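Residue-level listing of the chains:
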Amino acid sequence: MTETLKQKVLPVLTIVAAIGVIWYGFTVYLNAPWQIDQYEKSATEWSMNDLVRDTMAHDRPVLPAPHQVVVEIWKTTVQKKITSKRSLIYHSWITLSSTLLGFVMGTFTGMMLAIFIVENRAMDKSLMPWIITSQTVPILAIAPMIIVVLNAVGLSGLLPKALISTYLSFFPIAVGMVKGLRSPDPMLIDLMRTYNTSRWQLFFALRLPSSVPYLFTSMKIAIAISLVGAIVGELPTGAVAGLGARLLSGSYYGQTIQIWSALLTAATLAALLVIAVNIAAQITQRMMGVPK
Amino acid sequence: MTNLQKLLNAAATLCGFYALVTGIGALSPALLVAAGLVIAGGLRLSPVLAGAWPGAWSIVMRSQFDLLISFVAAGAVLAALHDGMAGAVWAIAIAAWLHGWLAVEKTIADDARSMGHNWVVSLGVPLFFGFWLLFFWEALTIGLGIPTVLLPPPSMIGARLVSSTAILMADFRQTFLKAVLAGYAIGCGSAVLVAILVDRNDFLRRGLLPIGNFISALPIIGVAPIMVMWFGFDWQSKAAVIVIMTFFPMMVNTLSGLSAASVMERDLLNTYAAGYWQSLFKLRLPAAMPFIFNALKINSTLALIGAIVAEFFGTPIVGIGFRISTEVGRMNLDMVWAEIAVAALAGSASYGALSLLERRVTFWHPSYRTE
């Protein structure tokens, strides 16, 4: 136990602490010019201590200090009612729901595509290059337009945002699943042939089980990217609800603390989602009897 | 002929019959010819014909014949699009597509039997698929009368691409040549350097690897408004967003790549009395190249997205992102799609160039040797 502590936890904590120190340093450095300007306007005497204290207490700092962001998050999560429009939990839930819907749809689409590609050579040759090309379309960049257009057709609310997430998340799933479905050792496939298995028996008994580890690795990427899609999808809705809307309204009104608190919340959400997929992967693998 | 091929052929023939029966009086001459060809294609299924003239039968069974039917039918449908789409025309469109699929199935079946790399298959088949995507996009938008403010047909986007080349070039220069290239080079370059430095210290590596992995999964694009506040409206702020977005995937990949060389190979270099830098340049960096290229490919799309999204938060009056957001407001969707096409082309071209370079640099890697 102490060994893992030394090998894993200690280095990570050191780096996190170093990032914190650098962040505080930059807070003082970036906010100082404005603060010094203020001192000179009011002709007050100031020492280095005053400067450090005051740069960390701006209402709209260039870079907020970490504790300011933490206080803001605390205020907008614990001290607000969940139903309040100012509660970050409310906004997170909006973003999370479209993330999950998009992720589920993307995973399903990706798996279906992968199955078609592996089972039919014509599909492989025609689809695979286009699947790669599809990701060079900067979908995040045109997400606002797609949302507006889908709204005009009558699709509004959760689904348009989820579709952006779907478009982003099907790609890692499809690519990973194709790799996974093709991963069985040729020896094993030959063995199945000697058993006179049908195509579908081969698929369900050998290909599908061997693709599971690849699927979960892809799902970790896909769920993180779904969250990004949902956040960007919220930008054009006129800053109504969701973490993306918080980012946008923060940038309209120069509320930097609000931007950073939304960013940190999104980061926490991403971490929780990836951890959830990880746990699901471990449970599945244990049920499938994969040795650690 | 496999069962799937027979099924495709039969389905196409049914569509041809349907078109002929319902539209015999209304169809244009070109469409009638197309329907006739489709039905002629269906006659190949008859065993009588195969027995009577085996020589002629084997010629008309070729994939080129299916290709011909599909292109003639598709052309006839495109020519008739603006006169309104009746059920018979849709049936011919579907028959054309089925014959196209059949041609691909046959070509690939032939290719599987022959040895070696076939450029027709690896390049032609995807292009053919792209043609059908555009064909149905065009047919559906015009045939169903979808308003162009929702989804313009590809022909309209193509016309816009040609007529607004100057604006598109200016936007491309601002977004891609200035912001993306600068940010991409700085982000990827500095990440490789940092990774090499960090790699010398095991403690740092253990700390940075999980954190880098974590940050790569974050919605970093959210820093775009902050960067625009810090670095102003011009391309520098977009480059800054790209630097942050591309840095962590590159660092994480380079770090794992640097430890990819096997112990045997390192021992060999030790017996040669190679120094740190020698073994870095001769062994560990080349061994890390597949990982580095992986990150370069991921980053090439990330960089474009970063630049365009950052332009939504403030920009001078030029740039792909700026154009997209303003033209959406003015309902000029054809211009928006033209910008998207430019961005997709730039993205695909960078991806393709990186793939070719990867093939040249990491020719020793198993994934390229097996062909």
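### Some words on the packing of aromatic side chains
Residues and elements named next belong to chain B.
Part 1 of the reasoning: For the coordinates displayed, the defined rule picks out 22 aromatic pairs over all chains.
Part 2 of the reasoning: Considering the side-chain rings of Phe135 and Phe136, the 5.2 Å spacing of their centres and the 85° angle between planes classify their relative orientation as edge-to-face.
Part 3 of the reasoning: Seen in terms of ring centroids, Phe172 and Phe176 are 5.1 Å apart; in terms of plane orientation they differ by 10°. Their pairing is stacked. With Phe172 and Phe176 both in helix H9 (residues 165–199) and four residues apart, this pair spans about one turn of that helix.
Part 4 of the reasoning: Given a relative accessible area of 13%, Phe176 falls into the buried group.
Part 5 of the reasoning: Note that Arg200 overlies the ring of Tyr276, its terminal NZ or CZ placed 3.7 Å from the centroid.

### Digging into unusual backbone geometry
What is expected of a backbone is that most residues other than glycine have negative phi and most peptide bonds are trans.
Part 1 of the reasoning: Within the chain, Asn196(A) stands out as a residue other than glycine whose phi angle is a positive 60°.
Part 2 of the reasoning: Counting through the fold element by element, Asn196(A) comes out in the loop between helix H8 (186–194) and helix H9 (199–234).
Part 3 of the reasoning: We classify Asn196(A) as exposed; its relative accessible area is 67%.
Part 4 of the reasoning: Even without a glycine there, the phi angle at Ala273(B) is positive, about 60°.

### Some remarks on the interface of chain A and chain B
Part 1 of the reasoning: Contacts between the two partners involve 50 residues from chain A, matched on the other side by 51 residues from chain B.
Part 2 of the reasoning: Together, the buried faces of chain A and chain B total about 4100 Å²; carbon and sulfur atoms form 84% of this surface.
Part 3 of the reasoning: Applying the counting criterion to the chain A and chain B interface returns zero salt bridges.
Part 4 of the reasoning: At the junction of chain A and chain B, the tally comes to two residue pairs in polar contact (both at pLDDT 80 or more).

### So, the pattern of salt bridges
Pairing between side chains becomes possible if they bear opposite charge and their charged atoms approach one another.
Part 1 of the reasoning: The final tally for this structure, using the stated rule, is 13 salt bridges over all chains.
Part 2 of the reasoning: The closest approach of N and O atoms between Arg182(A) and Asp124(A), which form a salt bridge, is 3.3 Å. One end of the pair, Arg182(A), is in the loop between helix H7 (158–181) and H8; the other, Asp124(A), is in helix H5 (residues 121–134), with 58 residues separating them in the sequence.
Part 3 of the reasoning: Put simply, Asp171(B) and Arg323(B) hold a salt bridge, and the shortest N to O gap is 2.8 Å. Residue Asp171(B) is found in helix H9, and its partner Arg323(B) is found in helix H15 (residues 320–329); the two are separated by 152 residues along the sequence.
Part 4 of the reasoning: For Arg323(B), a relative accessible area of 14% translates into the label buried.
Part 5 of the reasoning: Several salt bridges share partner residues, and in doing so they unite Asp171(B), Arg323(B) and Glu339(B) into one network.

About the thresholds
- Residues numbered from 1 in each chain as written.
- Chains lettered and ligands numbered in written order.
- Predicted model: local features only at pLDDT ≥ 70, side-chain atom pairs only at ≥ 80, totals over all residues.
- Heavy atoms only, no water.
- Phe/Tyr/Trp six-rings, centres within 6.5 Å; stacked < 30°, edge-to-face > 60°.
- Helix = DSSP H or I, 4+ residues; strand = E, 2+ residues; numbered from the N terminus.
- Buried < 20%, exposed > 50% of the residue type's maximum accessible area, 1.4 Å probe, protein only.
- Lys NZ or Arg CZ within 6 Å of the ring centre and 35° of its normal.
- Contact = heavy atoms within 4.5 Å.
- Buried area = accessible area lost by both parts, 1.4 Å probe.
- Salt bridge = Lys/Arg side-chain N within 4 Å of Asp/Glu carboxyl O.
- Polar contact = N/O pair within 3.5 Å; in protein donor to acceptor, adjacent residues only side chain to side chain.

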